[in-house]
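Here is what each chain is made of, one letter per residue.
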Amino acid sequence: MRLNALKAINFRNFKRFDFEPSPYANLIGGLNGSGKTSLIEAIYLLGFGRSFRPGGYKQLINSSESDFTVFCEAMSDRDEVFKIGLRRTSEGEVQLRLNGETVHKLSEIARFIPVQLFTPESVELILGGPSLRRQFMDWGVFHVEHTFYELWVAYTKSLKQRNFLLRSKGDVRQDSFWRAQLARLGEEIIQLRIRYIQEIENFITKSATFFLPDVKLEVGLKQGWDQSLSLADALDKHTERDRRYGHTSIGPHKADIKLTVDGIDAKLVLSRGQLKLLVASLKLAQAAHYNEKKDSSCIFLVDDITSELDEANQKKFITALEGLKCQSFITAIDSSPVARLFKQNPKMFHVEHGILKQQTEN
Ligand SMILES: Nc1ncnc2c1ncn2[C@@H]1O[C@H](COP(=O)(O)OP(=O)(O)OP(=O)(O)O)[C@@H](O)[C@H]1O
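All values reported here derive from a predicted model rather than from experimental measurement.

Colleague: So what about the UniProt feature "binding site: ATP" (unreviewed entry) in the protein? Which residues, and what values?
Modeller: Summarizing the sequence annotation, UniProt attributes the feature "binding site: ATP" (unreviewed entry) to G30, L31, N32, G33, S34, G35, K36 and T37 in the numbering used throughout. Tracing the chain through its elements places S34 in the loop between β3 (25-29) and α1 (36-48). Using a count of 21 C-beta atoms within 10 Å as the deciding quantity, one classes S34 as buried. Here S34 is in contact with V351, E352 and H353, once residues within four sequence places are set aside.

Colleague: An account of the pairing of strand β5 (residues 81-89) is requested, with residue identities and associated values reported.
Modeller: Relative to β5, strand β4 (residues 67-75) runs antiparallel, the two being bridged by 9 bridges. For V70, the partnering residue across the bridge sits in β5 and is L86. Counting the residues between successive antiparallel strands, the hairpin from β4 to β5 contains 5 residues, one of them, D79, with a positive phi of roughly 65°. Strand direction decides the pairing type here: β5 and strand β6 (residues 94-98), joined by 5 bridges, are antiparallel.

Colleague: I'd like a description of the site of the ligand, backed by residues and values.
Modeller: Close to the ligand lie 15 residues, the nearest being N13, N32, G33, T37 and S38. Across the shell around the ligand, the residue classes tally to 2 nonpolar, 11 polar and 2 charged.

Colleague: Outline unusual backbone geometry, supporting the account with residue identities and numerical values.
Modeller: Non-glycine residue R12 carries a positive phi angle of around 50°. Here R12 shows up in the loop between β1 (2-11) and β2 (14-19). Of note in the backbone geometry, D79 takes a positive phi value of approximately 65° without being a glycine. Relative to the assigned elements, D79 resides in the loop between β4 and β5.

Colleague: Would you mind going over the environment of V215 in detail, with residue names and values included?
Modeller: Of note, V215 is situated in the loop between α6 (172-211) and β9 (217-222). Note: C-alpha distance between V215 and L270 (55 residues apart in sequence) is 8.9 Å. The residues contacting V215, other than those within four sequence positions of it, are A208, V261 and Q274.

Colleague: Let's hear about the UniProt feature "domain: RecF/RecN/SMC N-terminal" (unreviewed entry) in the protein: which residues, and what values?
Modeller: Under the UniProt annotation, "domain: RecF/RecN/SMC N-terminal" (unreviewed entry) lies at residues 3-355. Regarding residues 3-355, the helix share stands at 45% and the strand share at 23%, and the terminal C-alpha atoms are separated by 20 Å.

Colleague: Help me get a handle on helix α10 (residues 272-294), residues and values and all.
Modeller: Spanning 23 residues, α10 covers 33 Å between terminal C-alpha atoms, matching the ideal 33 Å at 1.5 Å per step. Of the residues one or two after α10, D295 is the one with positive phi, at around 55°.

Colleague: I'd like to hear about the pairing of strand β14 (residues 347-352), residue by residue, with values.
Modeller: Pairing geometry for β3 and β14, over 4 bridges, is parallel. Within β14, the residue paired with N26 across the bridge is K347. Relative to strand β15 (residues 355-359), β14 is paired through 5 bridges, and the arrangement is antiparallel. The residue bridging E352 from the neighbouring strand is I355, located in β15. Between β14 and β15, which pair antiparallel in sequence order, lie 2 residues; one of them, H353, sits at a positive phi of approximately 45°.

Colleague: Can you explain helix α4 (residues 130-144)? Please cite residues and give values.
Modeller: The first and last C-alpha atoms of α4 sit 21 Å apart over 15 residues, in line with the 21 Å expected at 1.5 Å per residue. By the burial criterion, the buried members of α4 are R133, M137, D138, W139, G140, V141 and H143. Elements that come into contact with the buried residues of α4 comprise α3 (124-127), α5 (148-167), α6, β10 (256-261) and α10.

Analysis parameters
- Residues numbered from 1 in each chain as written.
- Predicted model: local features only at pLDDT ≥ 70, side-chain atom pairs only at ≥ 80, totals over all residues.
- UniProt positions renumbered as here; feature names shortened; annotations may be inferred.
- Helix = DSSP H or I, 4+ residues; strand = E, 2+ residues; numbered from the N terminus.
- Buried ≥ 20, exposed ≤ 12 C-beta atoms within 10 Å, placed from the backbone.
- Contact = placed C-beta atoms within 7 Å.
- Pairing = 2+ DSSP bridges.
- Near = placed C-beta within 6 Å.
- Nonpolar A, V, L, I, M, F, W, Y, C, P; charged D, E, K, R; others polar.
- Expected span 1.5 Å × (residues − 1).

Rendered as structure tokens:
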């Protein structure tokens, strides 16, 4: 998938930007606070329906306006064109458009914009809690298994219902109904995740070897309950405890990805620089798997590449992106040295005080 055109109105410090990116590499330069991150944030928003930065959607609306709009024309690798628009107002109204029609679910537009993000905060994927790794895994499952989203929505609804019942010390018979629902949906979810992790494992180890040749990484899935039990049996076993604490303590909502080096948790043995390279490997592996499964490519958003990777690793990262034929949007304060790392010249842009201009010379 590639963006042929991207437009935003009243988004962060931009009154408006409207441009036609390269189908491959796009480099966005500009001083601190000029609007580079905001530009890639607009693309992320189309792929996830929310920002990757803290603060709610109101922060995204230009401070002197009351709504923002982001619009793109995307083209699949089979040359199908999708026109996607998202508008949010300060009153909380959300409008989503797909090919001129109103749609109601973010997932209906998100599945057309498969976005990978690599920023200075991405190291949290390893250092942070399991929810970030679940999000990473579920991005992949969502994009390759179309049944996943509905299953996940149904599971989370049942989980909320059961937790409400547990907190309010409700009817035991109702609890066995919700346990059965969770067990049925949860087993389906975990099967999709197991298959995904099995498939992506080789991509991850190959990509990690490229960036960290001396590290022997192992990847596994913690499914969220004792693997020797069915989810129904595990939920039964934990019922007393769950009633006492008022929430469901096991299930796929507690899953995690295990990343180990010589049997030890990667975050305990790798340096901070190595952890960044591991994150780069994970994101590129996910994109490579997506390419192979979908016969289509992801869109890569990379914020502040020079602060994240040394020059040799910037070169490796860019070589990997070029190999995957991904469309990329890469920001850097000084983008000229980064441009020289590409085999094919990237399209160059410059942002100054919320005004985007294309640069004609590298
Ligand atoms: N809702 C908003 N309305 C107007 N301006 C905003 C809004 N939100 C953030 N800004 C401003 O937009 C500017 C651009 O921020 P952004 O993070 O995109 O810059 P950047 O070029 O990535 O900077 P850096 O290189 O320092 O990371 C900042 O000056 C910020 O204060």
